[in-house]
Amino acid sequence: MTTATLTRPGRAEGHYGLRSAARMEWLKLRSVRSTAWILLVFAVGLIGIAILVLSHENWATMSASDRANFDPTNDGFAGLALGQLAFGVLGVLMITSEFSSGMIRATFAAVPRRPLLLAAKAGVLGGVTLVAGEVLAFVSFALGEAVLRSPAPQASLGQPGVLRAVLMAGAYPALIALMSLGLGAMIRHTAGAISAVVGVLFVLPLILVPLGTSLQDSIGKFLPMIIAENSLTAVKPGVGNLAPGVGFGLLCLYTMVALAVGGWLLTRRDA
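Read on for an overview of the structure. These numbers come from a predicted model, not from an experiment.

Rules of the game
Residues numbered from 1 in each chain as written. Predicted model: local features only at pLDDT ≥ 70, side-chain atom pairs only at ≥ 80, totals over all residues. Heavy atoms only, no water. Helix = DSSP H or I, 4+ residues; strand = E, 2+ residues; numbered from the N terminus. Contact = heavy atoms within 4.5 Å. Areas by Shrake-Rupley, 256 points an atom, 1.4 Å probe, with all protein chains shown as cover. Lys, Arg positive; Asp, Glu negative; His and termini not counted. Charge placed at Lys NZ, Arg CZ, Asp CG, Glu CD. Buried < 20%, exposed > 50% of the residue type's maximum accessible area, 1.4 Å probe, protein only. Core = buried A, V, L, I, M, F, W, Y, C linked by side-chain atoms within 4.5 Å. Axes fitted to C-alpha atoms, helices over the stretch in contact; angles between N-to-C directions. Parallel < 35°, antiparallel > 145°, perpendicular 65-115°, else oblique. Left-handed = near helix turned anticlockwise from the far one by under 90°. 1 Å grid on protein atoms, 1.4 Å probe; cavity = no way out; pocket = protein on both sides within 12 Å on 5 of 7 lines; lining within 4 Å. Points joined across faces, edges and corners; volume = space filled by probe spheres on them. Nonpolar A, V, L, I, M, F, W, Y, C, P; charged D, E, K, R; others polar.

## Some thoughts on the overall build of the chain
Line of reasoning, step 1. Per the secondary structure count, the chain includes 14 helices and zero strands.
Line of reasoning, step 2. Each helix and strand of the chain, placed in order from N terminus to C terminus, yields the pattern α-α-α-α-α-α-α-α-α-α-α-α-α-α.
Line of reasoning, step 3. The C-alpha extent of the chain, read off along each of the three principal axes, is 70 × 40 × 30 Å.
Line of reasoning, step 4. Counting only contacts in the chain whose residues sit at least 6 apart along the sequence, the fraction spanning at least 24 positions is 80%.
Line of reasoning, step 5. For the chain, the accessible area works out to roughly 12,900 Å², and carbon and sulfur atoms hold 68% of it.
Line of reasoning, step 6. Looking at the chain, you have 19 positive and 12 negative side-chain charges, and the mean spots of the two groups are 15 Å apart.

## What about the side chain of Ser-140?
Line of reasoning, step 1. One can find Ser-140 in helix α9 (residues 114-147).
Line of reasoning, step 2. The class of Ser-140 is buried, set by a relative accessible area of 1%.
Line of reasoning, step 3. Setting aside residues no more than four positions away along its own chain, Ser-140 makes contact with Leu-46, Ile-47, Ala-50, Gly-76 and Phe-77.

## So, the nonpolar core
Line of reasoning, step 1. With 64 residues, the main nonpolar core has Phe-77, Val-111, Tyr-172 and Leu-181 as its most contacted residues.
Line of reasoning, step 2. In terms of residues, this core owes the most to one element, helix α10 (residues 162-187), which gives 14 residues.
Line of reasoning, step 3. Aside from chain neighbours lying at most four places away, what touches Tyr-172 is Gln-84, Leu-201, Pro-224, Met-225, Ala-228 and Leu-251.
Line of reasoning, step 4. In this structure, Leu-54, Trp-59, Phe-70 and Leu-148 belong to the second largest nonpolar core, which totals six residues.

## Regarding the packing of helix α4 (residues 33-55) against helix α7 (residues 80-101)
Line of reasoning, step 1. In contact at an axis separation of 8 Å, α4 and α7 are set at 165 degrees when each is read in the N-to-C sense. Considered as vectors, α4 and α7 are oriented roughly antiparallel to each other. Handedness of the crossing formed by α4 with α7: left-handed. Note on element contacts: α7 touches α4 through Leu-80, Leu-82, Gly-83, Ala-86, Phe-87, Val-89, Leu-90 and Leu-93, opposite Ser-34, Thr-35, Ile-38, Leu-39, Val-41, Phe-42, Gly-45 and Leu-46.

## What about empty space enclosed by the protein?
One simple way to see leftover space: roll a probe sized like a water molecule over the atoms.
Line of reasoning, step 1. Evaluated as defined, the whole model comprises one cavity of 30 Å³ or more.
Line of reasoning, step 2. Here the largest cavity is characterised by a volume of approximately 40 Å³.
Line of reasoning, step 3. Contributing to the lining of the largest cavity are Lys-221, Ile-226, Ile-227, Asn-230, Ser-231, Asn-241, Leu-242, Ala-243, Pro-244 and Gly-247.
Line of reasoning, step 4. Secondary structure elements with two or more residues in the lining of the largest cavity: α13 (224-231) and α14 (244-268).
Line of reasoning, step 5. For the lining of the largest cavity, the residue count by class is five nonpolar, four polar and one charged.

As structure tokens, then:
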């Protein structure tokens, strides 16, 4: 199919609407080999680290302070440190791989409305990562609690804050994937966009460390990784941190801003 065929009047603006664009993006996403590998890394990292961490918890040797702060729900999601990066890479590759290969020209020819294209990518990416994240979060929670040795107290979904933490463990990496898609649309280069994701997730919290505890606490609570850590806590949330609901809303705002700026920049630059 030639570019002329893809862009003739009536077809580009009519047939290639949001539903058709989303179907096209779904076919591309599932046909790329890296998608399966990234989902595998996410699953192995999340579940494997949960089993590793909780199977080595020794209640008998814990101090009274450690026992009071013991949070098997939070400990079981230690693998999200790796998982968020995996989904961030997936979000970046969703768009930068097309720029690096030149396929983006054919994509723009099929879907000339670039914000609509980004919305289709975001819908597909968000759906896949949210479903995968939630399923694997519940699996990770169940297996982690199963390997936790007695007499250590086990968490259950009926306990206060536990279900919220498990749901957040699935939603958070999906939001990171969507933020990364927005960064990829802004930067258009795979290495640069992945570096930006790493900077936001891992470097910014480290930059705050030498600035002093006061500044670290006042600014750090607004960073994505700190928000996630506090939202995954079911026992004792950090003092001065954002409430889980507020933190989730802020993550959604970050995501919408990243996608909005990315969509705007797509319309301002040539492929």
